[in-house]
Each structure stands twice: as structure tokens, then as C-alpha cells.
Amino acid sequence: MDDVDLAIRGLTYAWFVEHGEAPTAQELAAHAHHPVAEIRAAWWRLHEDHALVLLPGSGEIQMANPFSALPTPYKVEAGGRSWYGSCAWDALGICAALRVDGTITTTCPDCDDPIEVAVRNHAPDDPTLLFHCLVPAAHWWDDIAFT
Amino acid sequence: MNLFRSEEHITRWLEGRTPGATISVTTLCDLAHQWWSDRLDPDWQPHTRAENQTILDTLGLVGSFWTLP
């Protein structure tokens, strides 16, 4: 991962933080004054290194973990703004990455009841909740969207 | 990687599939903090496998399920 790729990665993440959604390759190219082909090439290398995830076929961003470009069941609200995490771990990771307190809203995958957890100083307000990880760590990147 | 209210909900949701691992949301918060808190740092560098494994190990997430490739 060279300095150019790290710089484009940094701009991608900064866009996520500011806008609450992923940039398109065209948007980031215009913002960064880079040819769009360079953005796409850097994103592909970052994808190969598991530093972000591209949508199959489109070359656009699917995830810049912990941020998700697509709406998910894990919405994060912090400081009057909102983002989506790809899963519960990522949703809590958004608060960690932003270094802010926040609230994660989701629904129980079993019964669809709403679940809300507020995070203050890295601790949840409801410690009785459980997190289930179905896929073993050795296989997380076999299909990261499923994981 | 989902949140549930209880083990009963997890068991029902699994519908007979092999369970993975269940941890408290408190441990998950600690894991999220250690795993993601540097993600927006200007000088961010990718974690090595060893660094990530150490995060899991120090939280007691050990054994074959939590062993990174």
C-alpha cells in the first residue's frame, strides 16, 4: 500500500465522515483533482488489500469499514449526523473511529423487535445484549458482505 | 454479525445452523474500540495479522473460531 493509495484512502474516508455516504469515483476524482482512472485503480488495489470493499461489477465503494455505503440494519447516530455500519461490530466501530459517543439502532434478526444501544465512553448502556458472529475468523474475508 | 436480546433469540435465528461465537455487547464495544479507533488517523497504516490477533487474544477471544488466517 503506497503513499498515493493511502492518500486516496484517506480522502475516501474523509468523504464518508463528512457526507455520511460514499463518494462515487467521479466525485472523488473531481474533489481530489485526480483522473478518475487513478481513483478506480487505487480503490481496486485497496480492495485487494482488504482496506475497503468494492461493489461487484461497478467498481464503486460498498464498504470502507466500518462505514457502509449501502443502507443496512445498523444505523449509527452521533453528533446530529448518521452513518450505516455493515454489522453490529462495524456500527460500534464507527463511534470508535469518530471517537464520539453515539447510538446504534437496529432490529433483532430473530423477532424484528427494535434494539437501541447507546455508547458512552466505549461502553454500552445495555450490557445484557449479545453479539453473535456466525463465521469463524479464518473465513471472514471469504465473503465479507455475508460475514 | 448481529445483536440479539438473548440466547433464545440466537438459537431461533440459527434455525439449526452451526452456531458461531456469542459475546457480550460490552466485549464487542471493547473489540470495536481496539479494532477501529485508529481508522481515521491521518497516518493510518493497515494492522498486521499479528496486531489484529493480539487484539482478539487480549479480549479473551481465543481458540480456533477466533484465529485469523
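Not measured: the values here are computed from a predicted model.

S.K.: Help me get a handle on the overall build of chain B, residues and values and all.
M.R.: Along its length, chain B carries three helices and two strands. Reading chain B from its N end, one meets helices and strands in the order β-α-β-α-α. Taking 11 Å as the expected radius of gyration for a compact globule of 69 residues, we find that chain B reaches 14 Å, considerably beyond that expectation. Considered along the principal axes of its C-alpha atoms, chain B spans approximately 45 × 25 × 15 Å. By residue count, 22% of the 69 residues in chain B fall in the buried class.

S.K.: Break down the overall build of chain A for me, citing the residues and quoting the values.
M.R.: For chain A, the helix and strand inventory stands at four helices and nine strands. In sequence order, chain A lays out its α and β elements as α-α-α-β-β-β-β-β-α-β-β-β-β. A compact globule built from 147 residues should have a C-alpha radius of gyration of about 15 Å, and chain A, at 16 Å, falls within 12% of that. Overall, the C-alpha framework of chain A stretches about 50 × 35 × 25 Å when taken along its three principal axes. The buried share of chain A, reckoned over its 147 residues, is 38%. In chain A, once contacts between residues fewer than 6 apart in sequence are set aside, the share between residues at least 24 apart is 34%.

S.K.: Tell me about helix α3 (residues 36–48) of chain A, and name the residues and values.
M.R.: Think of an α-helix as turning once every 3.6 residues; residues three or four places apart then point the same way. All names here are of chain A. The end-to-end C-alpha distance of α3 is 18 Å, a good match for the 18 Å that 13 residues give at a rise of 1.5 Å each. Taken together, the buried positions of α3 are occupied by I39, A42, W43 and L46. The buried residues of α3 occupy an angular sector of 100° when projected down its axis, which confines them to one face. In α3, the exposed positions angled more than 90 degrees off the buried face are occupied by A37 and E48.

S.K.: Residue-level account of the nonpolar core, with values.
M.R.: Counting residues in hydrophobic clusters, the biggest one holds 51 residues, and the most contacted among them are A88 and L92 of chain A together with L28 and A32 of chain B. If you tally residues by element for this core, the top one is helix α4 (residues 88–98) of chain A, at nine residues. If sequence neighbours within four positions are ignored, L92 of chain A has contacts with I104 and V119 of chain A together with L28, C29 and A32 of chain B.

S.K.: So, the confidence of the model for chain B: which residues are in play, and what are the values?
M.R.: Mean pLDDT over chain B works out to 96, with 100% of the residues at or above the 70 mark. This prediction of the complex comes with two scores: 0.93 for pTM and 0.94 for ipTM.

S.K.: With reference to specific residues and values, describe the interface of chain A and chain B.
M.R.: With 39 residues of chain A in contact, the opposing surface of chain B contributes 36 residues. Counting residues per element, the side of chain A that touches chain B draws most heavily on α4 of chain A, at seven residues. Among the residues forming the side of chain A that touches chain B, the class breakdown is 30 nonpolar, six polar and three charged. Relative to strand β2 (residues 21–24) of chain B, strand β9 (residues 130–133) of chain A runs antiparallel, the two being bridged by four bridges. Of the residues in β2 of chain B, the one forming a bridge with F131 of chain A is I23 of chain B.

S.K.: A description of the packing of α4 of chain A against helix α2 (residues 25–36) of chain B should follow, citing residues and the corresponding values.
M.R.: Direction vectors running N to C along α4 of chain A and α2 of chain B enclose 60°, while the axes themselves pass 8 Å from each other. For the element pair α4 of chain A / α2 of chain B, the angle class is oblique. Crossing handedness for the pair α4 of chain A and α2 of chain B: right-handed. In this structure, α4 of chain A uses A88, W89, L92, G93, A96 and A97 of chain A to contact α2 of chain B, whose residues at the interface are L28, C29, L31, A32, H33, W35 and W36 of chain B. Partitioned by chemical class, the residues of the contact of α4 of chain A with α2 of chain B number 11 nonpolar, two polar and no charged.

S.K.: Describe the pairing of strand β5 (residues 81–85) of chain A, naming the residues involved and giving the relevant values.
M.R.: Residue and element names in this part refer to chain A. Looking at chain direction, strand β4 (residues 74–78) and β5 are connected through five bridges and run antiparallel. In the sheet register, Y74 faces β5, and the bridge partner there is G85. Counting the residues between successive antiparallel strands, the hairpin from β4 to β5 contains two residues, one of them, G79, with a positive phi of roughly 60°.

The rules behind the values
Residues numbered from 1 in each chain as written. Chains lettered and ligands numbered in written order. Predicted model: local features only at pLDDT ≥ 70, side-chain atom pairs only at ≥ 80, totals over all residues. Helix = DSSP H or I, 4+ residues; strand = E, 2+ residues; numbered from the N terminus. Rg over C-alpha atoms; globule rule 2.2 N^0.38 Å. Buried ≥ 20, exposed ≤ 12 C-beta atoms within 10 Å, placed from the backbone. Contact = placed C-beta atoms within 7 Å. Expected span 1.5 Å × (residues − 1). Arc of directions from axis to C-beta. Core = buried A, V, L, I, M, F, W, Y, C linked by C-beta atoms within 7 Å. pLDDT = per-residue confidence, 0-100. Nonpolar A, V, L, I, M, F, W, Y, C, P; charged D, E, K, R; others polar. Pairing = 2+ DSSP bridges. Axes fitted to C-alpha atoms, helices over the stretch in contact; angles between N-to-C directions. Parallel < 35°, antiparallel > 145°, perpendicular 65-115°, else oblique. Left-handed = near helix turned anticlockwise from the far one by under 90°.

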